[in-house]
Amino acid sequence: MHPTGPIAQRFPPVARTRPACLPLDARVGRLTELADTASRQHDPDLASTVFNQAALLTSSLGLPNYARQLRHRHAALHLTRGPLRRWR
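All of these numbers come straight from a predicted model, not from anything done at the bench. (Residues numbered from 1 in each chain as written. Predicted model: local features only at pLDDT ≥ 70, side-chain atom pairs only at ≥ 80, totals over all residues. Heavy atoms only, no water.)

Participant: Explanation requested: the overall build of the protein chain in the structure shown.
Facilitator: Within the protein chain, the regular secondary structure consists of four helices and zero strands. In the protein chain, the succession of α and β elements from N to C terminus is α-α-α-α. Among the 88 residues that make up the protein chain, the fraction classed as buried is 20%. By sequence separation, contacts in the protein chain at least 24 residues apart represent 49% of the contacts at least 6 residues apart. Counting every atom, the protein chain has about 7,100 Å² of accessible surface; 58% of that belongs to carbon and sulfur. (Helix = DSSP H or I, 4+ residues; strand = E, 2+ residues; numbered from the N terminus. Buried < 20%, exposed > 50% of the residue type's maximum accessible area, 1.4 Å probe, protein only. Contact = heavy atoms within 4.5 Å. Areas by Shrake-Rupley, 256 points an atom, 1.4 Å probe, with all protein chains shown as cover.)

Below, the structure is given as structure tokens:
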């Protein structure tokens, strides 16, 4: 997927106000635990959640280029591996 291709233009990231969140160390800790669980259980749904939350976290930290890289890696996984199961 090209970063300026038709799909990216149709669904661009939208800046929005976000609610208050946990302190950074707690957010990173939860994300690390989720990534460990996804790896242990070989769960693509959880792995997808990790990519999404990592991109949101880096965006919140003012690292938009890194957030974009994570979104592209996330999209590439979906495009090469097919759709995930439906959310429970």
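Participant: How should I be thinking about the confidence of the model for the protein chain in this particular structure?
Facilitator: Detailed reading of predicted coordinates is not advised where the pLDDT is low. Mean pLDDT for the protein chain: 81, with 74% of residues reaching 70 or above. In the model of the protein chain, helix 1 (residues 6-10) stands out as the element of lowest mean pLDDT, 64, in contrast to helix 2 (residues 24-41), which has the highest, 93. (pLDDT = per-residue confidence, 0-100.)

Participant: What is the right way to read the nonpolar core from this model?
Facilitator: Most often, soluble globular proteins keep nonpolar side chains buried together rather than apart. Within the largest apolar cluster, seven residues are counted, these being Leu31, Val50, Phe51, Ala54, Ala55, Leu57 and Leu70. Broken down by element, this core gets its largest block of residues, five residues, from helix 3 (residues 44-60). Not counting the four nearest positions on each side in its chain, Leu70 is found in contact with Phe51, Ala54, Ala55 and Thr58. (Core = buried A, V, L, I, M, F, W, Y, C linked by side-chain atoms within 4.5 Å.)

Participant: Can you help me understand the packing of helix 3 against helix 4 (residues 64-81) in this one?
Facilitator: In a packed pair of helices, the relevant descriptors are the angle between the two axes and the axis-to-axis distance. Following both chains from N to C, one finds helix 3 and helix 4 inclined at 165 degrees, their axes separated by 8 Å at the closest point. Considering their axes alone, helix 3 and helix 4 lie roughly antiparallel with respect to each other. Classified by chirality, the crossing of helix 4 by helix 3 is left-handed. Residues Ser48, Phe51, Asn52, Ala54, Ala55, Thr58 and Ser59 of helix 3 form the contact with helix 4, whose participating residues are Tyr66, Ala67, Leu70, Arg71, Arg73, His74, Leu77 and His78. Of the residues in the contact of helix 3 with helix 4, the class split is seven nonpolar, six polar and two charged. (Axes fitted to C-alpha atoms, helices over the stretch in contact; angles between N-to-C directions. Parallel < 35°, antiparallel > 145°, perpendicular 65-115°, else oblique. Left-handed = near helix turned anticlockwise from the far one by under 90°. Nonpolar A, V, L, I, M, F, W, Y, C, P; charged D, E, K, R; others polar.)

Participant: Help me understand helix 2 in this model?
Facilitator: In an α-helix there are 3.6 residues to a turn, and that puts residues three or four apart on one side. The first and last C-alpha atoms of helix 2 sit 26 Å apart over 18 residues, in line with the 26 Å expected at 1.5 Å per residue. Directly after helix 2, the chain includes His42, whose backbone phi takes a positive value near 50 degrees. (Expected span 1.5 Å × (residues − 1).)

Participant: Which parts of the structure should I look at to understand the packing of helix 2 against helix 3?
Facilitator: In contact at an axis separation of 9 Å, helix 2 and helix 3 are set at 160 degrees when each is read in the N-to-C sense. It follows that helix 2 is roughly antiparallel to helix 3 by the angle criterion. The chirality of how helix 2 crosses helix 3 is left-handed. Contacts from Leu24, Arg27, Val28, Leu31, Leu34, Ala35, Thr37, Ala38 and Gln41 of helix 2 reach helix 3 at Leu46, Ala47, Thr49, Val50, Gln53, Ala54, Leu57 and Ser60. When its residues are assigned to classes, the contact of helix 2 with helix 3 shows 11 nonpolar, five polar and one charged.

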